[in-house]
Structure formats: structure tokens, C-alpha cells
Amino acid sequence: MGRSVYINIKELIQVRAPQPEPLRGPQMDDVPRIKDAFLIIENQVVVDFGSMQNLSLQEFNSNEIIDVRGKYILPAFCDAHTHTVFATSREEEFVDKIMGLSYQEIAEKGGGILNSAKKISEISEDELFSKAYHRLTKQINLGLGAIEIKSGYGLSLEEELKMLRVIKKLKAAVDIPIKSTFLGLHAIPLAYKNNKASFVKEVVESWLPKVLQEGLADYVDIFCETNYFDCNDLIQLSNAIKNTPVKLKVHVNQFTTFGGVSEAVNQNALTVDHLEELNETDLLSLAKSNTIATLLPSCSFYLGIPFAPAKTLLNNGVAIALSSDYNPGSSPSYNLFFVWALACVKMKLTPEQAFNALTINAAHAMELGKSHGSIFKGYQGKLILTNEIPSFAYIPYAYGENHVDKILN
Ligand code: NIG
Ligand code: FE
């Protein structure tokens, strides 16, 4: 509260009005910045900024002035794809993986999503909330300014509602925006092993209306993948949300291509997420659409699968966002600085392209483009004050180093 005047900021990064649309192609190359800058925050609102030359320090009390020489200030990251609400970590699968088992093989022997679902059913709602809250606090302390969180480890109506209620309580408990996604079609429960169609029918016709009625979801999602759910299931889910305020997100092309991307685009999905596998048809359908491609390099790193072809998508005019996919099975890290480094090293994005994908475009991937992702007069979100660093590119370059001095706001 009160007023804080940050002076001698080495560079104030991503200073621009909220962007009405996600950035595409060459727009991604530039991150506007002010060198040797000041920034004034009053009652948690950015009220002014500019070059130090234009600041007259006499107007302020000395106890309001904070000298941050050598440090950068950035808008907080946006994370548009997470599974932050889960019961327990799954490091036993990590060891299986080291011993040579694939994600699919681990899932087949009772690990994977079914493992997390069992753990959810064994934990109380209060305990689930307190674990998720603890994680979310750590995420915010590492530069997170807005987040999407999915259900999906319930696999029953009761447990899915429990997860969604936890997300609703998180919304009230922290001071960053949270978007809630109902991922009812995440895996096929054992009881429906040979009867996927009736499970889909149950989720779409019985669970979804309850979720919508209780106002527990901003989005719906589906794991469109071989051995999980197919295009037909996607269409059913999409039809069920027509004439509701809820929009569609799709996990697709993580392991296989089968037309899921084109179908998601046909269904007007807000985002398609993963895309580690992508063919020409997928690429062309995305290039002609407004659907945002949310790419998740931590998942590729952890599972040892290909990285999504970010550069090709970008060069073809597709709007790309970057997110963590934080979850216990395929991306046990919420660190968006690491996502930034991976996007540069493994996807060959420039530090600027990756940063735009982590801020402005990730904000758009959860319809927060009007309020988050950049620093402007009236910005009420969080900001990252870095440690002393030599340059902007040093941040993803010196991966693994702690770059955060303090979270502002
Ligand atoms: O985004 N792909 C499906 N869902 C998660 C992983 C879930 C899990 O293994 O717990 C993902 O990678
Ligand atoms: Fe995911």
C-alpha cells in the first residue's frame, strides 16, 4: 500500500499498452523497454514510469524511493496451462522412467493419471486446498502473475467437483487471476475400460451441466490422444458447451497426430496445447485460425519427447504461447524461467520471442490480454524485480540461477 518509487531501473521491460490480439510472426521479435527508468506504484496500481531524466525526485518522500541500480523490472509471467491442484508428487514414476519405461508404459502399469486420481480420492478437500495453496504461493514467488488450473484427476463427478471447488477457493485466496478448467475427459476410469463411449456420454451429459450450473469452470478441456479420447469425443464436448460462456481448450498431439488439431480448430478452440507432434495439415489449419498454440517445453524435457516446432508455427503466423504444464506426471516443475530457457535452447526462439509467448500471448491464452502481460499505466498485476544482471538475454541464458530479487505488488 502507499506509494513506491523505483529509481535507476537498468531496464523496464515489456512496456506497452495491452495488446488487443496475441502477437504473431515478426511482432514477436520486439520487447519494448525503457533504459535507466523509473516506475511508480500507488496503491498497487502502476501510475507512472519513464526515463530517469524526466523524474524530479524532490516530489517524493525519501522513504518512498527505492534505488534498484543494476536490476531489471519485468511484468510477471502468465501460465496458461497447469494442473497445480494434485494430491501427491509421483517421483516413483520418475525412477521407472530412468529405468527405461515410457510415459505410456508407466500409465499401463497403474501409474499416470489413474495413480493421481486414486490419490485425490484419498485426500480431504481441505488438505487438497492447503497443498495447492502452498504450491501456488511458491509459483507466485517465482514470478507468476496469472494462471489457468485444470481439474482432471477426479475421474468421478464427486472428485472432479472437489478439485473444481479447490480451484474456486484458490481464486479467493490469492491476489492473482485464476482461470478454472474442467478436464473431465482426462483418462478413462478403470470401470469404463471397455466402454469409453458411455463414459464420454456421462461426462458430457451429466457431469458438465452440474459443473456449469455451479459456475465452477471458465473452460473445458479434453486429452485428445491415442488410447485416451478421439475427435468424436472432442466434437461431443464442444457441442455441449455451445450457447454457454465456457470455451474449449484441447490437449492434443502430445504423442500422435490423428486430425485432432484440425478438429479443435473447426470447433473454434481458444487454445490447442502440447503439439509435440505436428503435421502439415495441422500446421495449415492452425495458420488460418485464431486458435492459440500453447507449447509446453518442460513436458518435452521431462518425458524425453520431441519439442513442439515453435519456430515453424511462429514463421507460419500461428500465435504461440508458452506455459509450464505443471503436474506430477509429465512436468513436475512450475518454473517459468526454466520454460523460457528451454524455449530458447531447444525451440530456438529468441529471448524476446519466448518472453512475448510467456507474457502477452499466454495472457491471451486465458483471455487476460486486456489486463496482464505488459506494463502500462493502470497495470495492477505483479512485477518481477530481478537481481543485478548484465542483460535481458542473460536471464534465459543463465538458466538455473535465481534471477528474482523480489516480487512487486
Ligand atoms: O498435460 N497429457 C495429459 N495430462 C497431463 C499429464 C497428466 C499426468 O501424467 O498426470 C499433461 O501432460
Ligand atoms: Fe496438461
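For the structure itself, look to the data block above.
What comes next concerns the included structure. (Residues numbered from 1 in each chain as written. Chains lettered and ligands numbered in written order. Predicted model: local features only at pLDDT ≥ 70, side-chain atom pairs only at ≥ 80, totals over all residues. Heavy atoms only, no water.)

Here the focus is the coordination of the iron ion (ligand 2). At 2.1 to 2.4 Å from the iron ion (ligand 2) lie its protein donor atoms, namely His81 (NE2), His83 (NE2), His251 (NE2) and Asp325 (OD). One chain supplies every donor to the iron ion (ligand 2), and in sequence these donors are spaced H-x1-H-x167-H-x73-D. Taken together, the positions of His83 in the loop between strand E6 (77-79) and helix H1 (91-98) and His251 in strand E10 (residues 247-252) put the pair 168 residues apart, joining distant regions of the chain. (Donors = N, O, S within 2.8 Å, 3.2 Å for Na, K, Ca; no water. Helix = DSSP H or I, 4+ residues; strand = E, 2+ residues; numbered from the N terminus.)

Now for the nonpolar core. Counting 105 residues, the largest nonpolar core has Leu275, Leu295, Leu322 and Trp340 as its most contacted members. Counting residues in each nonpolar core, the second largest holds 17 residues, with Ile41, Phe49, Ile375 and Leu383 among its members. (Core = buried A, V, L, I, M, F, W, Y, C linked by side-chain atoms within 4.5 Å. Buried < 20%, exposed > 50% of the residue type's maximum accessible area, 1.4 Å probe, protein only.)

Next up on the list: unusual backbone geometry. A positive phi angle is found at Asn227, which is not glycine, with a value near 75°. With respect to the helices and strands, the residue Asn227 is situated in the loop between strand E9 (219-224) and helix H7 (231-240). By relative accessible area, which is 61% here, Asn227 ends up exposed. With a phi close to 60°, Lys348 is a non-glycine residue in the positive phi region. Mapping Lys348 onto the fold places it in the loop between helix H12 (336-345) and helix H13 (351-358).

Structurally, the position occupied by Ser180 is in strand E8 (residues 178-185). In this structure the side chain of Ser180 is engaged in a polar contact, spanning 2.8 Å, whose partner is the backbone oxygen of Leu216. Those residues in contact with Ser180, other than ones at most four positions away along the chain, are Ile149, Leu164, Ile167, Lys171, Leu216, Ala217, Asp218 and Tyr219. (Polar contact = N/O pair within 3.5 Å; in protein donor to acceptor, adjacent residues only side chain to side chain. Contact = heavy atoms within 4.5 Å.)

Tallied over the full model, the rule gives 22 salt bridges. Two residues, Glu11 and Arg33, come together in a salt bridge whose shortest N-O distance is 3.1 Å. Here the residue Glu11 occupies a position in strand E1 (residues 3-13), and Arg33 occupies one in strand E2 (residues 33-42), the gap between them amounting to 22 residues. The buried category is assigned to Glu11, whose relative accessible area is 8%. Accessibility expressed as a relative area gives 30% for Arg33, which makes it partly exposed. Among the charged side chains, a salt-bridge network with shared partners connects Glu11, Arg33, Lys35 and Glu352. (Salt bridge = Lys/Arg side-chain N within 4 Å of Asp/Glu carboxyl O.)

For the structure shown, the criterion picks out zero disulfides. Summary of cysteine pairing: Cys344 is not part of a disulfide, and the nearest cysteine sulfur, belonging to Cys78, is at 17 Å. Judged by relative accessible area, Cys344 falls into the buried class, the value being 16%. (Disulfide = S-S within 2.5 Å.)

Let us look at the environment of Ile120. Topologically, Ile120 is positioned in helix H3 (residues 112-121). We classify Ile120 as buried; its relative accessible area is 0%. The spatial distance from the C-alpha of Ile120 to the C-alpha of Val47 is 44 Å, given a sequence separation of 73 residues. If near-sequence neighbours (up to four positions away) are discounted, Ile120 is found in contact with Phe86, Ala87, Leu128, Tyr153, Glu159, Lys162 and Met163.

Around ligand 1 sit 15 residues in total, of which Tyr103, Tyr153, His186, Gln254 and Ser330 are the nearest. Side-chain polar atom of Gln254 to a nitrogen atom of ligand 1: 2.8 Å apart, as the coordinates give it. (Near = heavy atom within 4 Å.)

Turning our attention to the sheet that holds E6. The sheet built from eight strands is open, its strands ordered E6-E7-E8-E9-E10-E11-E12-E13 with parallel pairing. Of all strands in the sheet, those bounded by a partner on one side alone are E6 and strand E13 (320-322). For this sheet the average axis-to-axis angle between neighbouring strands, irrespective of direction, equals 25°. Note that strand E12 (residues 292-295) and E13 share three bridges and pair parallel. Each bridged residue has a counterpart across the sheet, and for Ala293 the counterpart in E13 is Ile320. Taken strand by strand, helix H4 (residues 125-141) contacts strand E7 (144-150) and E8, and its axis lies near 145° from that of E7. Together, E7 and E8 form the strand contacts of helix H5 (residues 157-173), whose direction differs from that of E8 by roughly 175°. (Pairing = 2+ DSSP bridges. Axes fitted to C-alpha atoms, helices over the stretch in contact; angles between N-to-C directions.)

What follows is about helix H9 (residues 280-287). Looking only at H9, the buried set comprises Asp282, Leu283, Ser285 and Leu286. Each buried residue of H9 sits inside an arc of 170° when the element is viewed along its axis, so together they form one side. Of the exposed residues in H9, the ones pointing more than 90 degrees away from its buried face are Glu280 and Thr281. On its buried side, H9 packs onto helix H8 (260-266), strand E11 (271-274), E12 and helix H11 (310-315). One side-chain oxygen of the residue at the start of H9 lies 3.2 Å from the amide nitrogen of Thr281, identifying that residue as Asn279. (Arc of directions from axis to C-beta.)

In this section: the packing of aromatic side chains. By the definition in use, this model includes 18 aromatic pairs. Where Phe129 meets Tyr133, the ring centres are 5.8 Å apart and the plane angle is 20°; that geometry is what we call stacked. Residue Phe129 and its partner Tyr133 are located together in helix H4, separated by four residues, close to a single helical turn. Seen from their ring centres, Tyr192 and Phe199 are 5.1 Å apart, and the 55° between their planes marks the pair as tilted. Residue class for Tyr192 comes out partly exposed when judged on its relative accessible area of 22%. (Phe/Tyr/Trp six-rings, centres within 6.5 Å; stacked < 30°, edge-to-face > 60°.)

Attention shifts here to the packing of H5 against helix H6 (residues 196-213). For the pair H5 and H6, interaxial distance at closest approach is 11 Å and the crossing angle is 25°. With respect to H6, the axis of H5 lies roughly parallel. The two elements H5 and H6 cross, and the hand of that crossing is right-handed. The residues of H6 that touch H5, namely those facing Leu157, Glu160, Leu161 and Leu164, are Trp207, Lys210 and Val211. Here the residues of the contact of H5 with H6 sort into five nonpolar, no polar and two charged. (Parallel < 35°, antiparallel > 145°, perpendicular 65-115°, else oblique. Left-handed = near helix turned anticlockwise from the far one by under 90°. Nonpolar A, V, L, I, M, F, W, Y, C, P; charged D, E, K, R; others polar.)

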